[in-house]
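# Topology and contacts: notes
These are the residues of each chain, in order.
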Amino acid sequence: MHAFAKTLFVAAAALVLSACASLQPQRLAGAEISDITQADKLALQQNAAPLDGPLSLEAAIARALKYNAERRVRRMEEVVAFGGLDAANMDMLPRLVASAGYRNRDNDLLVLSKDLATGTVIGGQTISSSRDATNVDLSFSWSLLDFGQSYYAARQSADRFLIATERSRRAQHLLVQDVRTAFWRVAAAQKLSGELQATTQVAEQALADARKIEQEGLRSPLEPLRYQRQLLENLRLLELVDQELNSARIELAQLIGAPGGQAITVVEPAAAPATAWLNQPVERLETYALSQNAELRESIYNSRIAQAETRKAMLKMFPGLSFNYALRSSNDQYLINQSWNETGLQLSFNLLGVLSAMAQTKMAEAGVQLADQKRMSTQMAVISQLHLARLQYGNAVRQYERADAIAQVDARIARHVANQEAAARQTQQERVAQQTAAILSQLRRYQALSSVQAAASKLQATLGLEPRLTAPEAMPLADLTLAVAGVLKAWDAGTLPAEPDAAPADTSKAVQ
């Protein structure tokens, strides 16, 4: 029976090994890819509230915070990092191992006893163990050296979780900046689309008339050709504007988690760009940025990880102290005591390990110096980014004011030229040219306004400002929109919030 069991085991093992050796790569089928992509599409959109009206800036930012797919990835990275911290904390616990096993021999374990003085065999062969036995163990062990290593590994995991949080903050800064920029591009497209179509139709009609005049030869050939050249140049500019603005709705839809083909209309805020940030003392902005900038905080956490790595390397130069306690039992019939307790205390020291530990310590210390240098470099970069962002914001505000004034003048000129063309005092070419100039001026105004929003977002990102909301993914969209509106109002007022505590964020509802 035992021989048959052994043969069956060997055959099963050979079958498993041969099956593993014959595995071949399997390409994805078209239907499988289609099913996966369709399921992913439904998963991304199943919780997204539909757009039921015009979109305000605060609503666009709120939807991005709640539904943006890239932000969900960042939040999932936080969850994974938090799970690593839990696992590292569990590693500091002692080892408690329960085990059970069965052994079988095809013959008896026979032993002989020999007299040490005479070398003669005493007695005959004796059996000291059963052919079949079941063993059950429950062992507890704790190592001081392993605890120290696990402690510093847990410290590093905690810092890595905080690094994931800071990267999520930085991603949120970029998301808000991209939403604000795309929002104003959509506003420009919405404002200029009607004028673009009307002006393009007039220009196309004028171009057709000019070509007809050229073919009839009623005028000098050079005059209609120059006329066509100017009209074609105006049409080219109009087409470039149309191409620039057509992609804005797609970009905004992607950022806020809306279907790409869905029509999006926006409500343009009436307020002019705020300049309150330019009135804040630079020294105060520097102090706040050095305490809240996400990139700088990440570099500080990296320095702490490098320092913990040095301490882990130094622990290897210390002896290990371990304690063991076990409850054991066996049904071996030749054991007089079939249940017993074991206790052990062991002190060990790897003599040759000191050499490698010294090398690892030196490498860890070099890592600390590198991390410290990166932290100092990041600090200088943050200060430079702050001053540059503040300068760019001031320049963007001035450029917007200038572009707004030019757009107003071009709009008035276009109205006068249209009136004169209606009264036959101006040519159609001049009307098209001036209407094109007015559209370009409006586009530059919106581009300047978008630059103001981007510069403001960059300044706020450098300062480490973001909507400080607890689990925005779990908040109702209406409440989240109101909260974002309050944040934008505070930002426009140039208000620096109080510095928050550095407690880690709650990841229990990170992804809904």
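Definitions and limits used
Residues numbered from 1 in each chain as written. Predicted model: local features only at pLDDT ≥ 70, side-chain atom pairs only at ≥ 80, totals over all residues. Heavy atoms only, no water. Helix = DSSP H or I, 4+ residues; strand = E, 2+ residues; numbered from the N terminus. Buried < 20%, exposed > 50% of the residue type's maximum accessible area, 1.4 Å probe, protein only. Contact = heavy atoms within 4.5 Å. Phe/Tyr/Trp six-rings, centres within 6.5 Å; stacked < 30°, edge-to-face > 60°. Lys NZ or Arg CZ within 6 Å of the ring centre and 35° of its normal. Pairing = 2+ DSSP bridges. Axes fitted to C-alpha atoms, helices over the stretch in contact; angles between N-to-C directions. Expected span 1.5 Å × (residues − 1). Polar contact = N/O pair within 3.5 Å; in protein donor to acceptor, adjacent residues only side chain to side chain. Parallel < 35°, antiparallel > 145°, perpendicular 65-115°, else oblique. Left-handed = near helix turned anticlockwise from the far one by under 90°. Nonpolar A, V, L, I, M, F, W, Y, C, P; charged D, E, K, R; others polar. Salt bridge = Lys/Arg side-chain N within 4 Å of Asp/Glu carboxyl O. Core = buried A, V, L, I, M, F, W, Y, C linked by side-chain atoms within 4.5 Å. pLDDT = per-residue confidence, 0-100.

## What about the overall build of the protein?
- When you go through the protein residue by residue, the secondary structure sums to eleven helices and six strands.
- Out of the 512 residues belonging to the protein, those deemed buried represent 34%.
- For the protein, the share of sequence-separated contacts (at least 6 apart) that also reach a separation of at least 24 residues comes to 84%.

## Structural notes on the side chain of Ser 457
- The residue Ser 457 is located in helix α10 (residues 428-463) in this model.
- Classification of Ser 457 as buried rests on a relative accessible area of 4%.

## Here's the deal with the environment of Leu 335
- Assignment of secondary structure puts Leu 335 in the loop between β5 (320-330) and β6 (339-348).
- Sequence separation between Leu 335 and Ser 128 is 207 residues; the distance between their C-alpha atoms is 8.2 Å.
- Setting aside chain neighbours within four positions, we find Leu 335 in contact with Ser 330 and Trp 340.

## Notes on the packing of aromatic side chains
- Tallied over the entire structure, the rule returns three aromatic pairs.
- Ring centres 5.2 Å apart and planes at 70° place the aromatic pair Tyr 151 and Tyr 152 in the edge-to-face group.
- Taking the centre distance of 5.9 Å and the plane angle of 85° together, the rings of Phe 183 and Trp 184 count as edge-to-face. Of the two residues, Phe 183 and Trp 184, neither departs from the other in class, the shared state being buried.
- Against the face of Tyr 446 rests Arg 445, its NZ or CZ located 5.2 Å from the ring centre.

## Quick word on the sheet that holds β6
- The antiparallel open sheet is built from four strands, whose spatial order is β1-β4-β5-β6. At either end of the open sheet lies a strand with only one pairing partner, and these are β1 (95-104) and β6. Neighbouring strand axes in the sheet, compared pairwise and without regard to direction, differ in orientation by 20° on average.
- Examined bridge by bridge, β5 and β6 share ten bridges and lie antiparallel to one another. Opposite Ser 329, over in β6, you have Ser 339 as the bridge partner.

## Focus: helix α8 (residues 294-315)
- The end-to-end C-alpha separation of α8 is 32 Å, in line with the 32 Å expected for 22 residues at 1.5 Å each.
- By the N-cap criterion, in which a side-chain oxygen at the helix start approaches the backbone nitrogen of a residue two or three places on, α8 is capped by Asn 293, the distance to Glu 295 being 3.0 Å.

## Observations concerning the side chain of Ser 299
- Topologically, Ser 299 is positioned in helix α8.
- Taking the relative accessible area as the measure of exposure, Ser 299 reaches 8% and is therefore buried.
- Residue contacts for Ser 299: discarding those within four places in its chain leaves Arg 375 and Thr 378.

## Comments concerning the packing of helix α3 (residues 57-67) against helix α11 (residues 477-492)
- Put simply, α3 and α11 touch, their axes get as near as 8 Å, and they point 120° apart. One element, α3, and the other, α11, form an angle in the oblique class. Crossing of α3 against α11: the hand is right-handed. For the pair α3 and α11, the contacting residues are Leu 57, Glu 58, Ala 59, Ile 61, Ala 62, Arg 63, Leu 65, Lys 66 and Tyr 67 in the first and Leu 477, Leu 480, Thr 481, Val 484, Ala 485 and Leu 488 in the second.
- When the residues that make up the contact of α3 with α11 are grouped by side-chain class, the tally is eleven nonpolar, one polar and three charged.

## What about the pattern of salt bridges?
- Applying the stated criterion across every chain yields a total of 13 salt bridges.
- The closest approach of N and O atoms between Asp 137 and Arg 328, which form a salt bridge, is 3.0 Å. Of this pair, Asp 137 sits in strand β4 (residues 132-143) while Arg 328 sits in strand β5, and the two are 191 residues apart along the sequence.

## Here's the deal with the environment of Asp 242
- With respect to the helices, strands and loops of the structure, Asp 242 is situated in helix α6 (residues 222-256).
- What makes Asp 242 partly exposed here is its relative accessible area of 33%.
- As a C-alpha pair, Asp 242 and Ala 189 span 53 residues in sequence and 7.9 Å in three-dimensional space.

## Remarks on the nonpolar core
- Leu 55, Leu 252, Ile 256 and Leu 463 are the most contacted members of the largest nonpolar core, which has 65 residues in total.
- Broken down by element, the residue count for this core peaks at twelve residues, all from helix α5 (residues 144-216).
- Formed by eight residues, the second largest nonpolar core is a distinct cluster that contains Ala 206, Leu 207, Ala 210 and Leu 231.

## Description of the confidence of the model for the protein
- Looking at the protein, pLDDT values average 79 and 85% of them are 70 or higher.
- Across residues 502-512, confidence stays below pLDDT 50; counting only partners more than four residues off in sequence or on other chains, it has 22 contacts.

## Some words on α3
- Extensive coverage of α3 is indicated by the burial of ten of its eleven residues.
- Regarding α3, the residues found buried are Leu 57, Ala 59, Ala 60, Ile 61, Ala 62, Arg 63, Ala 64, Leu 65, Lys 66 and Tyr 67.

## Considerations on the environment of Arg 185
- Counting through the fold element by element, Arg 185 comes out in helix α5.
- Note on Arg 185: relative accessible area 16%, which makes it buried.
- Along the chain, Arg 185 and Ser 450 lie 265 residues apart, while their C-alpha atoms are 7.1 Å from each other.
- In this structure, Arg 185 is in contact with Glu 244, Leu 245, Ser 247, Ala 248 and Glu 251, ignoring residues within four places of it in sequence.

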